[in-house]
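Commentary on secondary and tertiary structure
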Amino acid sequence: MAFKFDKEATLTNEQLAGELAKLTPLTMAEINDLLPSQVDKQRFQQLLDIVGSSAAENNKVAQLTQNIGEVGGVVVRLLGSYLKLA
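Residues numbered from 1 in each chain as written. Predicted model: local features only at pLDDT ≥ 70, side-chain atom pairs only at ≥ 80, totals over all residues. Heavy atoms only, no water.

**Concerning the overall build of the protein**
- Broken down by element type, the protein carries four helices and zero strands.
- Principal axes of the C-alpha set define a box for the protein whose edges measure 50 × 30 × 25 Å.
- A buried classification covers 24% of the 86 residues belonging to the protein.
- When the accessible area of the protein is evaluated, it comes to approximately 6,200 Å², of which 60% is carbon and sulfur surface.
- In the protein, 8 side chains carry a positive charge and 10 a negative one; their mean positions are 3 Å apart. (Helix = DSSP H or I, 4+ residues; strand = E, 2+ residues; numbered from the N terminus. Buried < 20%, exposed > 50% of the residue type's maximum accessible area, 1.4 Å probe, protein only. Areas by Shrake-Rupley, 256 points an atom, 1.4 Å probe, with all protein chains shown as cover. Lys, Arg positive; Asp, Glu negative; His and termini not counted. Charge placed at Lys NZ, Arg CZ, Asp CG, Glu CD.)

**Quick look at the packing of helix 3 (residues 38-51) against helix 4 (residues 57-82)**
- For the pair helix 3 and helix 4, the least separation of the axes is 9 Å and the interaxial angle reads 140°. Overall, the two elements helix 3 and helix 4 adopt an arrangement that is oblique. Regarding helix 3 and helix 4, the two cross each other, and that crossing is left-handed. For the pair formed by helix 3 and helix 4, the contact residues are Asp40, Arg43, Phe44, Gln46, Leu47, Ile50 and Val51 on the first element and Lys60, Gln63, Leu64, Asn67, Glu70, Val71, Val74, Val75, Arg77 and Leu78 on the second.
- For the contact of helix 3 with helix 4, the per-class residue count stands at nine nonpolar, three polar and five charged. (Axes fitted to C-alpha atoms, helices over the stretch in contact; angles between N-to-C directions. Parallel < 35°, antiparallel > 145°, perpendicular 65-115°, else oblique. Left-handed = near helix turned anticlockwise from the far one by under 90°. Contact = heavy atoms within 4.5 Å. Nonpolar A, V, L, I, M, F, W, Y, C, P; charged D, E, K, R; others polar.)

**Description of a nonpolar patch on the surface**
- Where nonpolar side chains cluster on the molecular surface, the patch consists of Leu79, Tyr82, Leu83 and Leu85 and spans about 470 Å² of accessible area.
- Residue position: Leu83 is located in the segment after helix 4.
- Judged by its relative accessible area of 42%, Leu83 is partly exposed. (Patch = residues over 30% accessible without salt bridge, like charges linked within 9 Å, V, L, I, M, F, W, Y side chains within 5 Å. Salt bridge = Lys/Arg side-chain N within 4 Å of Asp/Glu carboxyl O.)

**Side note on the pattern of salt bridges**
- Scanning all chains against the criterion turns up two salt bridges.
- A salt bridge links Glu19 to Lys22; the shortest N-O distance between them is 3.2 Å. Highlighted residues: Glu19 and Lys22, both in helix 1 (residues 6-23), separated by three residues, approximately one helical turn.
- Here Asp40 makes a salt bridge to Arg77, at a shortest N to O gap of 3.1 Å.

**Concerning the environment of Gly73**
- With respect to the helices, strands and loops of the structure, Gly73 is situated in helix 4.
- Looking at Gly73, the relative accessible area reads 35%, which means it is partly exposed.
- C-alpha separation for the pair Gly73 and Asp40, spaced 33 residues apart in sequence, amounts to 8.3 Å.

**Here we look at helix 3**
- For helix 3, built from 14 residues, the straight-helix expectation of 20 Å at 1.5 Å per residue is met to within 8% by its first-to-last C-alpha distance of 20 Å.
- Among the residues of helix 3, those classed as buried are Asp40, Lys41, Phe44, Leu47 and Ile50. (Expected span 1.5 Å × (residues − 1).)

In short, shape yes, function no, at least from these values alone.
Below, the structure is given as structure tokens:
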């Protein structure tokens, strides 16, 4: 018998969006639109942890450099939604 966790996955994803919305100026709906998957939201949390840490700026840059492969897509989506370059 296979178990379906669709409802639980959706609930977890929504809860994560709600927690992220508390930490940013983004609403829960905006977070869900920009970052639809739970993995996207977890990477956003990772980005927030780096940027919001009490480390010196050069240490934050070093952490971002080390983790850009993971958080790069989130950075591109966030900046793309706020910057009107085209």
